[in-house]
Amino acid sequence: MRKWFSLALVATLAACIGGGDSNPPPKVSVSSSDHRPAKELFGPVALPSSQTPESFGSYSKGCLAGAVALPENGATWQAMRLSRNRNWGQPVLVDFLEDLSRKAAAQPGWNGLYIGDMSQPRGGPMSSGHASHQIGLDADIWMLPATRLDLSRAERESLSSISMRRAAGAYVNDSWTRQHHEIIKAAASDPRVARIFVFPGAKVQMCNDEKGDKSWLRKVRPWWGHHYHFHVRLNCPRGDKTCVDQAAPPPGDGCADAQEWVSNILNPPPPDPNAKPAKPKPPITLASLPAQCSAVLSSR
């Protein structure tokens, strides 16, 4: 059962950051009409809000109240790149990652999982990297088998995952194993999971290798990148009415769609001569996020 320790963590971490001062961190002064880039407001916040866990908005436009931390070390996982302070999420995400790591540890050559970016302490847009990961329901899981679970903080900054792709993502390379297939299958078979993003060649390989029921492959979606890690996205928690789910994947196992991605990588269609350059998107501001996000930022 999930340990509800976010408030205790706030007090403990505040004491550590403040050199022993047990007072809570100062409030962030913001307004719901603030037009500064939201990443400048959410990125520097070191601790979660002392609120009930709740996601506001959508995966790519929202924030997170009452986040809990994935512990830095566990029997079958380690959180990586601790300097980023992105090992936060909804309690359901922490539960899921702990559960999946135990299943991964049962695979030959794996002692568990290396967990990459989840969310910031209060969610929201990140200062670098992801467009999503904003509401505490996304996590990146490294493709590198977790053979050591005694990595120091310094080692977790310097160690890198490994790429699984060749031919620009059309195929898997020799580092891909049946264990990768089984771990992703276990994740996709979990009812808490909405989607898993992985490079196109991996989806096609899993489609070709799976001899049983392929219905779980519906959740595995091809997307650019995602060859050093696979990205798990959970459904909004039941009863969380302020969380916006993504539309369900199309019916079917999605294998033909993934094969089309691969075909386009190998034989790119000619560019549209009439296509206009895409305009850069303006940064997300606090004013454009759900109104509750200003309270999340301002909360102790």
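Structure shown above.
Here is what the cut-offs are and how they apply
Residues numbered from 1 in each chain as written. Predicted model: local features only at pLDDT ≥ 70, side-chain atom pairs only at ≥ 80, totals over all residues. Heavy atoms only, no water. Buried < 20%, exposed > 50% of the residue type's maximum accessible area, 1.4 Å probe, protein only. Helix = DSSP H or I, 4+ residues; strand = E, 2+ residues; numbered from the N terminus. Pairing = 2+ DSSP bridges. Right-handed = clockwise from strand over helix to strand, strands pointing away. Contact = heavy atoms within 4.5 Å. Axes fitted to C-alpha atoms, helices over the stretch in contact; angles between N-to-C directions. Left-handed = near helix turned anticlockwise from the far one by under 90°. Nonpolar A, V, L, I, M, F, W, Y, C, P; charged D, E, K, R; others polar.

A. View of the pairing of strand E11 (residues 193-198). Judged by how many residues are buried, E11 sits mostly within the fold: 6 of 6 residues are covered. Here E11 runs beside strand E13 (residues 229-234); their pairing, made up of 4 bridges, is antiparallel. If you follow Arg195 over to E13, its bridge partner there is Arg233. Where E11 meets strand E12 (residues 220-222), 3 bridges bridge the pair, whose relative direction is parallel. The partner of Phe197 across the bridge, within E12, is Arg221. The β-α-β motif built from E11, the intervening helix H6 (residues 200-209) and the parallel element E12 has right-handed crossover chirality.

B. Seen up close, the pairing of E13. A large share of E13 lies buried, amounting to 6 of its 6 residues. Alternating residues of E13 divide into His229, His231 and Arg233 and Phe230, Val232 and Leu234, and every residue in both groups is buried.

C. Local environment of the environment of Ala167. Tracing the sequence through the fold places Ala167 in the loop between strand E9 (165-166) and strand E10 (171-172). Accessibility expressed as a relative area gives 39% for Ala167, which makes it partly exposed. Between the alpha carbons of Ala167 and Val262 there is a distance of 9.6 Å; along the sequence they are 95 residues apart.

D. Structural detail: the environment of Leu266. Mapped onto the elements of the fold, Leu266 is located in helix H7 (residues 255-266). Measuring from C-alpha to C-alpha, the distance between Leu266 and Ala167 comes to 7.8 Å, with 99 residues separating the pair along the chain. With near-sequence residues (within four places) excluded, Leu266 lies in contact with Ala170 and Tyr171.

E. A look at the packing of helix H3 (residues 91-105) against helix H5 (residues 178-188). Put simply, H3 and H5 touch, their axes get as near as 10 Å, and they point 145 degrees apart. When you trace H3 past H5, the crossing you get is right-handed. Residues Phe96, Leu100, Lys103 and Ala104 of H3 form the contact with H5, whose participating residues are Ile183, Ala186 and Ala187. The class makeup of the residues in the contact of H3 with H5 is 6 nonpolar, no polar and 1 charged.

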